[in-house]
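Residues per chain, in single letters:
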Amino acid sequence: MFEDKQSTLYMQLYNHFKELIVDGTFPAGTKLPSVRRCAQELAISKTTVETAYLQLTAEGYVQSKPQSGYYVCTADFADVQKENENDRNFNQIEDIEFSASESATDFDFALWQRYLKSALRNTDRLLGYGHPQGEPELRSAVCEYLIKNREVYCTAENIVIGAGTQTLLHLLYALCRQPANVAVAGPVFKQGAAVFEDHGAAVYHYDILPDNLQELREQNIGLLYLFPSHEDCNGHIMPITQRMKLLQFAKNNHIIIAEDDYGSELQPGHIAPSLQGLDAGKCVAYLGTFSKLLIPGIRISYLVLPTALMENYKDRMYLYNQTASKLEQLALSAFIRDGRLEQQIRRTRRRKKSQ
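It should be emphasised that the depicted structure is a prediction, and the values quoted were computed from it without experimental measurement. (Residues numbered from 1 in each chain as written. Predicted model: local features only at pLDDT ≥ 70, side-chain atom pairs only at ≥ 80, totals over all residues. Heavy atoms only, no water.)

Asker: Just to check I follow, could you spell out the sheet that holds strand β3 (residues 159-162) for this structure?
Answerer: Taken in spatial order, the seven strands line up as β3-β9-β8-β7-β6-β4-β5 in an open sheet, and their pairing is mixed. Whereas interior strands pair on both sides, the edge strands pair on one side only; in this sheet they are β3 and β5 (202-206). Looking at each pair of strands side by side, their axes are set apart by 20° on average, direction ignored. As defined by bridge partners, strand β4 (residues 181-185) adjoins strand β6 (residues 223-226) across four bridges and the pair is classed as parallel. Among the inter-strand pairings, Ala 185 is bridged to a residue of β6, identified as Leu 226. Each of β3, β8 (284-289) and β9 (301-304) is contacted by helix α8 (residues 136-150), which is oriented at about 115° to β3, the strand it contacts most. (Pairing = 2+ DSSP bridges. Helix = DSSP H or I, 4+ residues; strand = E, 2+ residues; numbered from the N terminus. Axes fitted to C-alpha atoms, helices over the stretch in contact; angles between N-to-C directions. Contact = heavy atoms within 4.5 Å.)

Below, the structure written as structure tokens:
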């Protein structure tokens, strides 16, 4: 959560570029960084960047040129009131960073290149757009992997593939009918919370969930985003008694739980089973990513939708374009089927244990 809670992320970005234009750092005709590049470099969502750019366009600071980008307008901005330096807080964005994959030093790039080359032979498949839900082979491979290793209750039909956790959180929030209030509990993941804030939700942060869950009810929470298989600020993983209590509470109050299980396979010692598995896929949406298990450059994540959201997703599925590379999806599906992912995890766990 940013220290300046009154300023949304897109407004911080908007103010930053506005000041660069006003003080002449970006003269007329200067092209702003592309939406994709800006989002990647600042590790924020493309939606946030697009919203900031549209605000600049609406106020006449920049103009959009189709198939080209955003350019600073020709105008005299000398009399424009500059933002107070203490109010900008754009430096908060610069503090955002994704930690490197713990598996990166163990990753066999030569092996991965062979899988990519093999996937390139699927010329007919690569000529078309990807399935909005993700390639069937990858969804099936992920399903088998999750059932075996994380005791997740799923089929290939309720798994959605996307390019990163943020992308899938945008989808999940929309499928939940955009609840006004969201609670985030556990390790700080600013990029995840930013998704809900960008949509205008009030986000309540907890280091640890309160013992009295009625507090969530009083705050009218519609979506709860948490990391039950990771240690909390006291070094504890959510115990089974609290998991069962939380699941019953969510069921009684019609709350969707988003369980982010990123990199849990690399946790030391015994790995707690997924919260989603205890729920049998009723009200828990399960999220995971391969960026932590392999390398950050493989931007493929997955979302296991609960039964409560599947009908809504099926009705709207073809309104969402697939964001993950079809080539990498095909390569990854074979990589998992051949047992390479589990080999990678074992290799990384051995290294971490020996350190």
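Asker: I would appreciate a short explanation of the side chain of Asp 279 in the present structure.
Answerer: By the secondary structure assignment, Asp 279 is in helix α13 (residues 275-279). In this view, Asp 279 contacts Leu 247 and Val 284; residues no more than four positions away in its chain are not counted.

Asker: I keep staring at the pairing of β5 and nothing clicks. Help me out?
Answerer: Taken residue by residue, a regular strand's side chains alternate between the two faces of the sheet. As defined by bridge partners, β4 adjoins β5 across five bridges and the pair is classed as parallel. Residue pairing in the sheet places Val 182 in a bridge with Val 203 of β5. Handedness of the β4-helix α10 (residues 190-198)-β5 crossover: right-handed. (Right-handed = clockwise from strand over helix to strand, strands pointing away.)

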